[in-house]
Amino acid sequence: MTTLRRIHSWLPLLQRLSCDRLLHTLSTGHTHRHTLSTGHTHWPRAAAPAQSRAFALSACRWKNTDDFSSGQHEEEDDDDDDFIDDSEVEQLFQLQVPAGLGEGQQRVFIVHPDVKWGSRKQHLTTAELMMAEAVGLVNTLDNWRVVDKIIMSTKTPEKKRIFGKGNFQSLTEKIRQTAGITAVFVNVERLSPLSEREFEEAWGVKVFDRYSVVLHIFRCNARTKEAKLQISLAEIPLLRSRLKNEMANLDQQGGGSRYIGGSGETLIEVQQRLLKEREMKIRSALEKLRRKRHLLRSQRKHKEFPIVSVLGYTNCGKTTLIKALTGDNGLQPRNQLFATLDVTVHAGQLPSHMTVLYVDTIGFLSQLPHQLIDSFSATLEDIKHSDLLVHVRDISHPETVNQKVNVLSVLKNMQISDRLMSSMIEVHNKIDLIDNYQCPELNTLAISALEERGLGELRKAVEAEIVNSTGKHILDLTVDLSTPQLSWLYKEATVQDVQVNADEGSAVVKVIISAKQQPKSEHLKQCIWLL
């Protein structure tokens, strides 16, 4: 009976399977026959098991190719069958919420395993600081509140229950004795499906790891189609974990291995196939968005706008810095983790009046699984195609050194080129929170983005690196004011200074111009001739 109720709850998922065949099997191939009326199926009542955890993977109805009108999107052409429109992305995003997330208020008990030795021991931070970051993650979410927290030492982090028998028993007693808990947050990178199931059975509440909590923060902050698709892709591993746990329960009741219809597939095989099809659909849509982003990058390159990617640990002040550098009042920095999920581009001017594009990127975090980083590769790809990287550090944070190590580690895993890494400018932000701060490291700049201190030196450093990395040249050119030479220079180059000689009808113009433009311009050849 329980198996039938589960299958009923999953019927939307099985729409790609022949519904008639499925219902026929359920109505005739089971001991209890059910009445089938026109369009309605009558199911028996059954009590849900005590440890039931419904697998919350809902259906997403993809449009057929006929549903797309020709010419609706420039890049659809003959790949329309793989494209997902805005309504379908929103439907997928809203329906694909892993079980336990997005369900109103959560009163959370945080458990931080303090690894005493071995490869998983953290050497650049402390258990107390890692716990503080876990508290910050929970507090970022509306309606989530930390009820209690504990740091528990362990020598066996690789074990199913992470802790030894004695510590696990005392931890279980403490959790069960704490009133009002609705969830436990185990502050580890990723829990295995088996560990998650063990904890939930022992503690009687939902259990989260860093992966699921960070993903929920992402979900709450997602605004664009690309962000929602990337989050939906990153949630696939969570859904697979829930599926494994749910099927383990069904197998105990003899339901997980039951064949569905005449397809020769068991229930778990159907679920796994549907999940795989959904993943392929999302990846296909993200690939289209990746190509569109590549096109936009090509257009920016064609217009010779240098691109500066501003990156750093989450909440280090990247958006505040870009707002200060560009004067873009449309930017509204927020003092919270992962406030920026989408790449945004903002134009600013350097001391030479050269226009550059500052790219605001997603913040980094320690102990983020590679699967999560891979899901956001379409967004992070912009970093690889920059002319310059600016690494912003919150120098007032007690874990600033560890945060730097984590950022550099992610960049290394992304295989950022040696040229970009060697030219990267390191910025020590939030010096307004430290009295008389002096940079202890060479080749770094101390600033306060909030108070706009030190920005002049930063702009000069950015300009110097941009001129060097883009192959631009600074030239003093004499132009004839009776010709279009000066107007051409204003249009095609960065004019820094103009010294007019009225008697001769000429001017000496200081410009920054790319090497690509020099050989193909008759105007520039005439200017050089007049030097």
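Heads up: the structure comes first, above all this text.
Residues numbered from 1 in each chain as written. Predicted model: local features only at pLDDT ≥ 70, side-chain atom pairs only at ≥ 80, totals over all residues. Heavy atoms only, no water.

Novice: Outline the nonpolar core, listing residues and values.
Specialist: Across soluble globular proteins, nonpolar side chains have a tendency to be buried as a group. One finds I110, F185, V213, I383 and L411 to be the most contacted residues of the largest nonpolar core, which totals 38 residues. Those elements that provide at least two residues to this core are β3 (106–115), α4 (127–140), β5 (183–186), α7 (210–221), α8 (225–234), α13 (377–384) and α14 (400–413). If one sorts the elements of this core by residue count, α7 sits on top with six residues. Setting aside chain neighbours within four positions, we find I383 in contact with S309, L311, T361, F364, L389, L411, M414, I416 and L420. (Core = buried A, V, L, I, M, F, W, Y, C linked by side-chain atoms within 4.5 Å. Buried < 20%, exposed > 50% of the residue type's maximum accessible area, 1.4 Å probe, protein only. Helix = DSSP H or I, 4+ residues; strand = E, 2+ residues; numbered from the N terminus. Contact = heavy atoms within 4.5 Å.)

Novice: Go over the sheet that holds strand β10 (residues 344–349) with me, naming the residues and quoting the values.
Specialist: Pairing is mixed across the open sheet formed by six strands, whose spatial order is β10-β11-β9-β12-β13-β14. Every interior strand has two partners, whereas the edge strands, β10 and β14 (444–446), have only one. On average, each strand axis in the sheet is tilted by 30 degrees relative to the strand beside it, whichever way the strands run. Pairing analysis gives five bridges linking strand β9 (residues 307–312) to strand β12 (residues 388–394), with the strands arranged parallel. (Pairing = 2+ DSSP bridges. Axes fitted to C-alpha atoms, helices over the stretch in contact; angles between N-to-C directions.)

Novice: How would you sum up the sheet that holds strand β16 (residues 494–501)? Please name residues and give values.
Specialist: Read from one edge of the open sheet, three strands run β15-β17-β16, paired in antiparallel fashion. Two strands lie at the open edges of the sheet, namely β15 (472–480) and β16, each paired on one side alone. Between one strand and the next, the sheet's axes are offset by a mean angle of 20 degrees, whatever the strand orientation. Sheet analysis places β15 next to strand β17 (residues 506–514), joined by nine bridges and oriented antiparallel. Bridge pairing in β17 places L477 opposite V509. Against the sheet, helix α17 (residues 485–492) makes contact with β15, β16 and β17, and its axis sits at roughly 160 degrees relative to β15, the strand it touches most.

Novice: Describe the environment of I383, listing the residues and the values that go with them.
Specialist: Residue placement: I383 occurs in helix α13. Each C-alpha atom of the pair I383 and V308 lies 8.5 Å from the other, and the pair is 75 residues apart in sequence.

Novice: Can you break down the environment of T326 residue by residue, with the values?
Specialist: Relative to the elements of secondary structure, T326 occurs in helix α11 (residues 318–326). Residues T326 and G348, 22 residues apart in the sequence, show an inter-C-alpha distance of 4.4 Å. For T326, the contacting residues outside a window of four places in its chain are H346, A347, G348 and Y358. Within the structure, T326 has its side chain in polar contact with the backbone nitrogen of D328 (distance 3.2 Å). (Polar contact = N/O pair within 3.5 Å; in protein donor to acceptor, adjacent residues only side chain to side chain.)

Novice: Could you give me a rundown of the packing of α11 against helix α16 (residues 455–470), with the residues and numbers involved?
Specialist: Where α11 contacts α16, the two axes come as close as 11 Å, and the packing angle between them is 85 degrees. The orientation of α11 with respect to α16, classified from their angle, is roughly perpendicular. Contacts from L321, A324 and L325 in α11 reach L455, L458 and R459 in α16. Of the residues belonging to the contact of α11 with α16, the class tally is five nonpolar, no polar and one charged. (Parallel < 35°, antiparallel > 145°, perpendicular 65-115°, else oblique. Nonpolar A, V, L, I, M, F, W, Y, C, P; charged D, E, K, R; others polar.)

Novice: Help me get a handle on helix α5 (residues 165–177), residues and values and all.
Specialist: End to end, α5 covers 18 Å across 13 residues, agreeing with the expected 18 Å (1.5 Å per residue, within 8%). Burial in α5 covers these residues: F168, L171, T172 and I175. Buried residues of α5, viewed axially, fall in a sector of 100 degrees; they line one side. As for α5, its buried residues are in contact with β3, β4 (144–154), β5 and α6 (193–203). (Expected span 1.5 Å × (residues − 1). Arc of directions from axis to C-beta.)

Novice: Hey, could you go over the side chain of H391 for me, with residue numbers and the actual values?
Specialist: Mapped onto the elements of the fold, H391 is located in strand β12. What makes H391 buried here is its relative accessible area of 2%. Apart from residues no more than four positions distant in its own chain, H391 is found in contact with L311, G312, K404, V407, M424, I425, E426 and V427.

Novice: How would you summarise the side chain of S448 if you had to cite specific residues and measurements?
Specialist: The topology assignment puts S448 in the loop between β14 and α16. Among the polar contacts made by the side chain of S448, one reaches the main-chain amide nitrogen of E451 at a distance of 3.2 Å.

Novice: Account for the pairing of β5, with residues named and values stated.
Specialist: Side chains A183 and F185 of β5 all project onto a buried face; the interleaved residues V184 and V186 project onto the opposite face, where all are buried too. Summarising the sheet, β3 and β5 pair through four bridges and their orientation is parallel. Residue pairing in the sheet places V108 in a bridge with A183 of β5. In this sheet, strand β6 (residues 206–208) lies alongside β5 in parallel orientation, the contact comprising three bridges.

Novice: Could you give me a rundown of a nonpolar patch on the surface, with the residues and numbers involved?
Specialist: Among the surface-exposed residues, L124, V401 and V405 lie close enough to one another that they form a single nonpolar patch of about 250 Å² accessible area. Look at V405 and you get partly exposed, because its relative accessible area is 39%. (Patch = residues over 30% accessible without salt bridge, like charges linked within 9 Å, V, L, I, M, F, W, Y side chains within 5 Å. Areas by Shrake-Rupley, 256 points an atom, 1.4 Å probe, with all protein chains shown as cover. Salt bridge = Lys/Arg side-chain N within 4 Å of Asp/Glu carboxyl O.)

Novice: Explain the packing of aromatic side chains residue by residue, including any values.
Specialist: Enumeration over the complete set of coordinates arrives at four aromatic pairs. Consider the rings of F199 and W203, whose centres lie 4.6 Å apart with planes at 5 degrees: the pair is stacked. In this pair, F199 and W203 both sit in helix α6, four residues apart, roughly one turn of the helix. This pair shows no difference in class: F199 is buried, exactly as W203 is. Three or more aromatic residues joined by ring pairs form one cluster here, namely F168, F199 and W203. R190 extends its terminal NZ or CZ atom over the ring of Y211, reaching a point 4.6 Å from the ring centre. (Phe/Tyr/Trp six-rings, centres within 6.5 Å; stacked < 30°, edge-to-face > 60°. Lys NZ or Arg CZ within 6 Å of the ring centre and 35° of its normal.)

Shape descriptors only; they carry no functional weight alone.
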